[in-house]
Amino acid sequence: MIKIKYTSSLSVVVVTLLAGLLGACDKATYEPYKEPPPSIKVEQGEVQAFCPETIDPTWREAQTIAGVEIQESRLCLPDNPSDIAAFVRGTNNLTMTQLMGTQLSTDALVKGRDLDGDGDPDEIHIRLEVVELNGGSPDSSDPMTTFEIAPGVKPGFWAFAPKTRGMATENFESNVANSMLRLPSPTIRVEQGDKVTITLENSHYFPHTIHLHGVDHPYVKENGEGNDGVPQTSGPMIMPGQRFSYELQPRHAGTMAYHCHVQTGAHLLMGLIGLFVIEENRPNNPVQTFNIGAGHVRHPSVAVRESYDREYDLLYIDTDTELHNIIRSSNDVRKIAKSMNREYKLSESTPDYFLLNGRSFPYTLRESIIVTAPDENVKLRILNAGTSMLALHTHGHKPTITHYDGVELAEAAQVTRDVIMVGSAQRVDLKLSTHNDGLHSYGEGIWLYHDHTELGITSNNMMPGGNIATIVYESYLSPEGMPKTQGVSLMPYFSPEYYQRKVPVWSASDPDGQLGEPQGE
């Protein structure tokens, strides 16, 4: 028998409770152990090939077209080398046979006289259009001119594009947009001192403008027309079916931007924003005026080649599908305008997809990997086109910040770090060194780079997704551009069912179903 001494009313309560619990234990009956239900087998669904077989493998090779030297691209989806030749030479300086290797119109990019006599053209006339991706159609319930940002994911977008000819889709049997019509809006490159004209031929159903963000340009043109692209202060909007030309001769080199300034809370986030790069003036320096696609610059400028082995453009943007899918809600542009401009509440927006160069993981592994080799310097130009702060983290490397908003930092102010904060509309230039010294690089491998704001690496709240991409050394890359991972498979992420939440997240690594779906759930 246990004797308990107590000295307060609280102790009486405690003893009473203990006694009751001990009595309950004596009377309790226990059910026999029940085996938990087995895990059910969950089908992955149709898994897409990592790299489509339709890609011409010769596009990856280093080559010369029309006198333009084009670097090798080890990406799964490289840019068309014929396009790059046209972007360097100008569509007016190619033979018809050479131009037929592209889908550009003959006047998409006109390069004229060498005004300063240094061996490269200084008169540049760029023609842009506005294209719609994944929009609605009265003829089909499926989105038209489709562009997937991830397996099975097709929100609506707008983008600037060079003036093209022919079909908007790959062929008569497909709704997939041709390679010129995609996100992000292309990077535009000109040389310091070039006399540049940019004509927007508004082929869209809404009004638009072009604002040259950070780019040296006059407020008005010589004829007195506004030149800043802001409807409230700098002239009227470019209405559907109209065209307007902006004029500039930039004196300051650097990484800038351009975007539509009509209802920017919608138009910019719909995709009407791109990088605008002014290269330093050098002799014999015809630059790659457009960079279409996922960032690899295959004809870097003379100034870049003086200090770097490779160059990549990286544009980040976040997507609220409530906004983006408005363009599929009606075929009446008045109703779309009302929904987008008066009913949609930007202050209540919830981004659900996070894109790098127009795609989310795993498609970023096809296009936006940074390919490198030991003891190289790689130039990265970054634009945060989204609404949230980007906390860009590089695994295995600490890059050095060399420029902010197109302005070179003094050497003492150039910071080396592995998390780089980039605000909305801000541009940052990075020097990524692959010298294996334990600081700049830890050595060869497959190293992630991604937003360390965790929401940024999700797709519709599924992880992994978002803007995850990789720095891949050539020794870890297959001939088809697929990273040689260490004992893990990336293929489950290429299934639409994964991002539709139909597949347990560890199914590929869990053949016994220990972490799968219990029967009856």
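The numbering scheme is per chain: residues are counted from 1 as the chain's sequence reads. With pLDDT at 70 or above as the cut-off, local features in this predicted model cover only qualifying residues; side-chain atom pairs require 80 or more to be listed or tallied, and sums for whole chains, interfaces and linings still use all residues. No hydrogens and no water enter the side-chain calculation; it runs on all heavy atoms of the structure.

Novice: Provide a residue-level description of the pairing of strand β10 (residues 195–201), including the pertinent values.
Specialist: In this scheme, a residue with accessible area under 20% of its type's maximum is buried, one over 50% is exposed, and one in between is partly exposed, where area comes from a 1.4 Å probe on protein chains only. The helix and strand labels rest on DSSP assignments: H or I over at least four residues marks a helix, E over at least two residues marks a strand, and numbering proceeds from the N terminus. Taken across its 7 residues, β10 has 6 buried, putting it largely inside the fold. Bridge count for strand β5 (residues 123–133) against β10 is 6 bridges, and the pairing is parallel. Along β10, the bridge assignment pairs E123 with K195. When DSSP locates at least two bridges between a pair of strands, those strands are taken to pair. Note: β10 against strand β12 (residues 243–248), 6 bridges, orientation antiparallel. Across the sheet, L200 pairs through a bridge with F244, a residue of β12.

Novice: Lay out the packing of aromatic side chains with the relevant residues and their values.
Specialist: The description of an aromatic ring pair rests on the distance of the ring centres and on the angle between the ring planes. Any two of the Phe, Tyr and Trp rings considered here, Trp counted by its six-membered ring, make a pair once their centres fall within 6.5 Å; the pair's planes then place it as stacked at under 30 degrees, edge-to-face at over 60, or tilted in between. On inspection of all chains with the given rule, the structure shows 12 aromatic pairs. Look at F87 and F290: their rings are 5.5 Å apart centre to centre, the planes differ by 70 degrees, and that puts the pair in the edge-to-face class. Taken as a pair, F87 in helix α2 (residues 81–89) and F290 in strand β15 (residues 290–291) lie far apart in primary sequence, 203 residues in all. Ring pairs connect the aromatic residues F361, Y493, Y498 and Y499, which therefore count as one cluster.

Novice: Residue-level account of the sheet that holds strand β18 (residues 370–372), with values.
Specialist: Pairing is mixed in the open sheet, where 5 strands are placed in the order β18-β26-β25-β20-β23. The sheet is open, and its two borders are formed by β18 and β23 (419–422), each paired with just one other strand. Each neighbouring strand pair of the sheet contributes to a mean axis angle of 20 degrees, computed without reference to strand direction. In the sheet, strand β20 (residues 390–394) pairs with β23 via 4 bridges, with the strands oriented antiparallel. Looking at β23, one finds that H393 is bridged to V419. To obtain each axis, a line is fitted to C-alpha atoms, and for helices this fit is confined to the stretch in contact; angles are then taken between N-to-C directions over 0 to 180 degrees.

Novice: Give me the lowdown on the state of the cysteines, citing residues and values where you can.
Specialist: In a disulfide, the sulfur atoms of two cysteines are covalently bonded to one another. In this description, the term disulfide denotes a pair of cysteine sulfurs within 2.5 Å. Taken as a whole and assessed by the stated rule, the structure comprises 1 disulfide. Each sulfur of the disulfide joining C51 and C76 lies 2.1 Å from the other. Between C51 and C76, the S-S dihedral sits near 110 degrees, and the bridge is therefore right-handed. In this pair, C51 sits in the loop between β1 (39–40) and β2 (63–65) while C76 sits in the loop between β3 (68–70) and α2, placing the two residues 25 residues apart along the sequence. Residue classification places C51 among the buried positions, given a relative accessible area of 16%.

Novice: A description of α2 should follow, citing residues and the corresponding values.
Specialist: Across the 9 residues of α2, 8 count as buried, placing the element largely inside the fold. All of the buried residues in α2 are P81, S82, D83, I84, A85, A86, F87 and V88. In this description, contact between two residues means that some pair of their heavy atoms is separated by no more than 4.5 Å. In this fold, the buried residues of α2 make contact with β2, β3, β4 (109–111) and β15. Residue N80 occupies the N-cap position of α2, its side-chain oxygen lying 3.0 Å from the main-chain nitrogen of S82. At the C-terminal side of α2, G90 shows a positive phi close to 100 degrees. Here a polar contact is recorded for every N or O atom pair within 3.5 Å, except that within protein the pair must consist of a potential hydrogen donor and a potential acceptor, and residues adjacent in sequence are included only if both atoms are side-chain atoms.

Novice: Tell me what's going on with helix α7 (residues 333–343), and back it up with residues and numbers.
Specialist: Quick reminder: α-helices carry 3.6 residues per turn. Residues three or four places apart thus point the same way. Within α7, burial applies to I336, S339 and M340. For α7, the angular spread of buried residues about the axis comes to 85 degrees, placing them on one side. Counted as exposed and oriented over 90 degrees from the buried face of α7: R334, K335 and R342. Contact partners of the buried residues in α7: β8 (157–162), α4 (264–267) and α6 (321–324). Taken from the helix axis, the directions to the C-beta atoms give the arc we talk about.

Novice: Describe in detail the sheet that holds strand β14 (residues 273–279), supporting the description with residues and values.
Specialist: The strand order β11-β13-β14-β9-β15 describes an open sheet built from 5 strands, whose pairing is mixed. Both edges of this open sheet fall to β11 (211–213) and β15, since each of them pairs with a single strand only. Pairing of β11 with strand β13 (residues 254–259), which is carried by 3 bridges, proceeds in the antiparallel orientation. Bridge pairing links H213 to A257 in β13.

Novice: Explain the layout of surface pockets to me, and be specific about the residues and the numbers.
Specialist: The rolling of a water-molecule-sized probe over the atoms marks out the regions of remaining empty space. Each pocket or cavity is described by its volume, and for the largest pocket that value is around 1100 Å³. Only protein atoms enter the calculation, which uses a 1 Å grid: trapped sets of points that fit a 1.4 Å probe without letting it out are cavities, open sets showing protein on both sides within 12 Å along at least five of seven lines are pockets, and any residue with an atom within 4 Å of a point is a lining residue. Lining the largest pocket are 39 residues, with E170, V176, A177, S179 and R359 positioned closest to its centre. Taken together, the elements giving at least two residues each to the lining of the largest pocket come down to α2 and α8 (364–367). At 3 residues, the largest contribution of residues to the lining of the largest pocket is made by α2. Looking at the lining of the largest pocket, its residues break down into 17 nonpolar, 12 polar and 10 charged. Counted as a void, the second largest pocket has a volume near 530 Å³. Taken together, 24 residues line the second largest pocket, and the ones lying closest to its centre are F361, L448, V488, L490 and Y493. Ten residue types, Ala, Val, Leu, Ile, Met, Phe, Trp, Tyr, Cys and Pro, are classed as nonpolar, four, Asp, Glu, Lys and Arg, as charged, and the remainder, Gly among them, as polar. Partitioning the lining of the second largest pocket into residue classes produces 18 nonpolar, 6 polar and no charged. Grid points are joined across faces, edges and corners, and a volume is the space filled by probe spheres set on the points.

Novice: So what's going on with the side chain of H296? Residues and values would help.
Specialist: Take H296: it is sitting in the loop between β15 and α5 (302–307). Residue H296 is classed as buried on the basis of its relative accessible area of 6%. Setting aside chain neighbours within four positions, we find H296 in contact with Q71, E72, S73, L75, D79, N291, E311 and Y312.

Novice: Could you give me a rundown of the nonpolar core, with the residues and numbers involved?
Specialist: A general feature of soluble globular proteins is that nonpolar side chains tend to end up buried together. If you look at the biggest cluster of nonpolar residues, it comprises 67 residues, and the most contacted ones within it are I126, L128, I198, I210, F276 and M340. Residues within four places of I210 in sequence aside, it is in contact with L128, F160, I198, L200, D228, G229, Y246, Y258 and H259. Here, nonpolar core refers to any group of buried Ala, Val, Leu, Ile, Met, Phe, Trp, Tyr and Cys residues whose side-chain atoms link them within 4.5 Å. Listed in part, the 24 residues of the second largest apolar core include Y312, Y316, V371 and I471.

Novice: Give me the lowdown on the environment of T145, citing residues and values where you can.
Specialist: Take T145: it is sitting in the loop between β7 (140–144) and β8. Look at T145 and you get buried, because its relative accessible area is 17%. With 30 residues separating them along the chain, T145 and N175 place their C-alpha atoms 5.1 Å apart. Excluding residues within four positions of it along the chain, T145 makes contact with E132, L133, N134, A168, N175 and A177.

In short, shape yes, function no, at least from these values alone.
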